[in-house]
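Each chain, letter by letter, is given below.
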Amino acid sequence: MTGYPSFIPNLVGGADCPAQSGEQVEVLSPHTGAAIGRLSRSGAEDIDRAVASARGAQPAWAATPGVRRGEILHAVANALETHRQELAQIVALEAGKRLPDALGEAGAAVQCARFFAGEGQRLFGRTMTSGTPHRWAMTIRRPCGVAGLITAANTPAPNFAWKVFPALICGNGVVLKPAEDTPASAWFMAKVAEDAGLPSGLLNVVHGLGAEVGPPLTGHADVDVISFTGSTRVGREIAETAGRSLKKVSLELGGKNALVICDDADLDNAVHWAKLASFSNAGQRCAASSRIIVFDEVYDAFVESFVAATRALKLGVEDDCDLGPVINARQLANMIATVERAKAAGARVLTGGGRATEPALREGFYMQPTIIEGVDPAAEISGAELFGPVPVVYRVKGFQEVLALADASPYGLTAAIHTRDVDRALTFAEQVRTGVAVINAGTHGSEPHMPFGGVKASGNGTREPGTEALDVYSELKDIYVNVRPERV
Ligand code: NAD
């Protein structure tokens, strides 16, 4: 395939098909603001068909040995690697990214596929001791059945991989509802997977607007597990909808992550990581550094250097650019309005603060890389996730203030600290209330074999990917074997 598809169909039962209503919605390029294609605007009837397809294909897949399922996922990983350039081009167009970044993300998706393919050889339970003589007690993993997966738009290829591959290796059928801003990459990856040998109808993709097509999936009586990556607001809705039918639910939600810079930090390294963690991918990372907490002793030096580095950033999607646009006009308008309210409440904007105005960028959804200071930890901009390039910098008077400020957030996804002091580093890493803590680097950068997830409003306690993702997509079953029944 070359270029961006003019129409992105659903993939149901192994066939491309439009929404049954025939309705479509435009996909806009974040870089230009112009329409680049149209996606199916699906509804409950499309979800019904997709769930029936996944349900129909699942028993044979579940009966396929895990090792064989892994071999098929290895073939899918290889095919995705072969098609990496095409995938990256689609991602770059629909998500508004540099091609090298999109290629890196496609590579990360392949890596994730390989990890879960390998898990097909390790779908183990446990053998326990029994309290009864001549009795064996053990656990095995069984598939949940049908997995309903909903993803965000920020890194479309890894977002697909983090959910689809663990769901498949555990023996489930899948209905995926990708983000409406990045539909083509998910459709393309599912097509590549089918062409590489995934049984037809097992992996279904249904496009559409979240509020319309999401609830029919999350509330569907024949869906057994829901995994969602997106905002905390929608995550709460999903927990309610899915809770009514007592579905298993995994929620990977927002973050407002603290990057701490102590007085003994390597300041060049700290500025390097603050810049990457705040502005790469235009700040659209759940693990972005959006609250930067700096010791008084080094505050002025850090801020001066951070502002200078930020002013030197180049916006655009060419290879030599540092950050692209945000995903859509709604997100851009929200971050600009929040910055304006913060200014009205007394915040100082050290650089940026609004929409990019250069002729080449002004039609796109470009937010200037922005740094804000002079904000109360209780202010709106300290608590609200903006999902854009808008970090706030805070001044603290010593380590005792650090944990309190880092934890003064409704979220608890990731955190990082820059220090040469092992005691401070490990005390922070152990005690900060997050699911991930990093020493001397950015708040982002998770690996596919590690369990990722957050506490508080960042999730509901599950971890994906890593081996722990198998707990989301499989049910443990206890088996008791009475070896000599007459003696029991
Ligand atoms: P969003 O919640 O608006 O949308 C995410 C997905 O949910 C989309 O596919 C959307 O169509 C769908 N959706 C919307 N309403 C729905 C509903 N009522 N029922 C079911 N599905 C619905 O989030 P967004 O703004 O697109 O993405 C950014 C958010 O995702 C941020 O909060 C970010 O932190 C979070 N995120 C979290 C992780 C993580 O692993 N924790 C990773 C990436 C992004």
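Residues numbered from 1 in each chain as written. Predicted model: local features only at pLDDT ≥ 70, side-chain atom pairs only at ≥ 80, totals over all residues. Heavy atoms only, no water.

Visitor: How should I be thinking about helix α13 (residues 399-406) in this particular structure?
Guide: At 3.6 residues per turn, the α-helix brings residues three or four places apart onto the same side. Those residues of α13 that sit buried are Phe399, Val402, Leu403, Leu405 and Ala406. Along the long axis of α13, the arc covered by the buried residues comes to 170 degrees, so they all point the same way. The exposed residues of α13 that point more than 90 degrees off its buried face are Gln400 and Ala404. Taken together, the buried residues of α13 touch β13 (257-261), β14 (289-295), β17 (392-396), β19 (414-418) and α14 (422-431). (Buried < 20%, exposed > 50% of the residue type's maximum accessible area, 1.4 Å probe, protein only. Helix = DSSP H or I, 4+ residues; strand = E, 2+ residues; numbered from the N terminus. Arc of directions from axis to C-beta. Contact = heavy atoms within 4.5 Å.)

Visitor: I keep staring at the pattern of salt bridges and nothing clicks. Help me out?
Guide: Opposite charge on two side chains lets them pair, provided their charged atoms get close. Within the structure shown, the criterion is met by 23 salt bridges. The partner of Asp471 in a salt bridge is Arg141, with the nearest N and O atoms 3.0 Å apart. Here the residue Asp471 occupies a position in helix α15 (residues 469-473), and Arg141 occupies one in strand β7 (residues 135-143), the gap between them amounting to 330 residues. Arg233 is the partner of Glu237 in a salt bridge, and the nearest nitrogen-oxygen pair spans 3.1 Å. Within this pair, Glu237 and its partner Arg233 are both found in helix α8 (residues 232-244), separated by four residues, close to a single helical turn. On the basis of relative accessible area, Glu237 is assigned to the partly exposed category, the value being 41%. Take Arg233: its relative accessible area is 57%, and that puts it in the exposed class. Through salt bridges with shared partners, one network takes in Glu23, Arg41 and Glu212. (Salt bridge = Lys/Arg side-chain N within 4 Å of Asp/Glu carboxyl O.)

Visitor: Hey, could you run me through the environment of Ala79 in this one?
Guide: Looking at the secondary structure, you find Ala79 in helix α2 (residues 66-82). The class for Ala79 is buried, based on a relative accessible area of 16%. Residues in contact with Ala79, not counting those within four places in the same chain, are Val192 and Ala196.

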